[in-house]
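Examination of the molecular architecture
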Amino acid sequence: MGLEADRMVNLDLSEPNVTTERDVVLEERHLRVDSEPQSLAQEQMAAALQLSHPYGRPVIGEDAQSFPCTTSTHHHSATRDGR
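If you're wondering where the values come from, they're calculated on a predicted model, not measured in any experiment.

The rules behind the values
- All residue numbers here refer to positions counted from 1 along the written sequence of the relevant chain.
- The model is predicted, so local features are restricted to residues of pLDDT at least 70 and side-chain atom pairs to those at 80 or more, both for listing and for counting; the totals for chains, interfaces and linings are taken over all residues.
- Side-chain measures here rest on the full set of heavy atoms in the structure, leaving out hydrogens and waters.
- Comment: elements are numbered from the N terminus, with helices defined as DSSP H or I runs of at least four residues and strands as E runs of at least two.
- Contacts between residues were defined by any pair of non-hydrogen atoms, one from each residue, lying within 4.5 Å.
- Surface exposure here means Shrake-Rupley accessible area, sampled with a 1.4 Å probe, where a residue is shielded only by the protein chains that are shown.
- Any carboxyl oxygen of Asp or Glu that lies within 4 Å of a side-chain nitrogen of Lys or Arg is treated as forming a salt bridge with it.
- Here's how the labels work: a residue is buried when its accessible area is under 20% of the maximum for its type, exposed when over 50%, partly exposed in between, all with a 1.4 Å probe on protein chains only.
- For every residue, the predictor reports its confidence as pLDDT, a number between 0 and 100.
- Here, axes are lines fitted to C-alpha atoms. For helices the fit covers the stretch in contact, and angles between N-to-C directions go from 0 to 180 degrees.
- Roughly parallel here means an angle under 35 degrees, roughly antiparallel means over 145, roughly perpendicular means 65 to 115, and every remaining angle is called oblique.
- Residues are grouped as follows: Ala, Val, Leu, Ile, Met, Phe, Trp, Tyr, Cys and Pro are nonpolar; Asp, Glu, Lys and Arg are charged; all remaining types, including Gly, are polar.
- Counted as a polar contact is a pair of N or O atoms within 3.5 Å, where, for protein atoms, one must be capable of donating a hydrogen and the other of accepting one, and residues adjacent in sequence contribute only when both atoms are in side chains.

**A look at the overall build of the protein chain**
In terms of helices and strands, the protein chain carries four helices and zero strands. Reading the protein chain from its N end, one meets helices and strands in the order α-α-α-α. In the protein chain, 67% of the contacts between residues at least 6 apart in sequence involve partners at least 24 apart. Element-wise, carbon and sulfur atoms account for 57% of the exposed surface of the protein chain, whose accessible area totals about 6,700 Å².

**Quick notes on the pattern of salt bridges**
The tally for this structure, following the rule as stated, stands at three salt bridges. Residue Arg 29 pairs with Glu 43 through a salt bridge whose shortest N-O separation is 2.7 Å. Here Arg 29 is found in helix H2 (residues 15-34), whereas its partner Glu 43 is found in helix H3 (residues 37-49), with 14 residues between them in sequence. Accessibility expressed as a relative area gives 12% for Arg 29, which makes it buried. Each of Arg 29, Asp 34 and Glu 43 takes part in a single network of salt bridges with overlapping partners.

**Description of the confidence of the model for the protein chain**
With 72% of its residues at a pLDDT of 70 or more, the protein chain shows a mean pLDDT of 79. Within the protein chain, the element-level pLDDT minimum falls on helix H4 (residues 69-81), averaging 62, and the maximum on H3, averaging 91.

**Quick word on the packing of H2 against H3**
Packing of H2 against H3 leaves a shortest axis separation of 7 Å and a crossing angle of 95°. Here H3 runs roughly perpendicular to H2, going by the angle between their axes. Together, Arg 29, Arg 32, Val 33 and Asp 34 of H2 and Ser 39, Leu 40 and Glu 43 of H3 make up the contact between the two elements. Here the residues of the contact of H2 with H3 are counted per class, giving two nonpolar, one polar and four charged.

**Quick word on the side chain of Glu 43**
Classification of Glu 43 by relative accessible area gives buried; the value is 19%. Beyond its immediate sequence surroundings of up to four residues, Glu 43 is in contact with Arg 29, Val 33 and Pro 58.

**What about the environment of Arg 29?**
Placed 31 residues apart in sequence, Arg 29 and Ile 60 show a C-alpha to C-alpha distance of 6.3 Å. For Arg 29, the side chain forms a polar contact with the side chain of Glu 43, separated by 2.7 Å.

Spelled out as structure tokens, the structure:
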């Protein structure tokens, strides 16, 4: 628990770090989903069958391209402050 707490306290959400991690997520999605027709079909089927359930949403990289760094910073600050 101490290691996880330390990781969250010293979290660096600067633009270069977030951009690097976002690129890693997008590349992983490309390797595991976008380049595999079966994975793409499976993802689309889950979305169609489970419209209002979290299982219907992709796990990785769904909207990583459009997720702004300020949203991450705001979420972390609000969570850390207990809001």
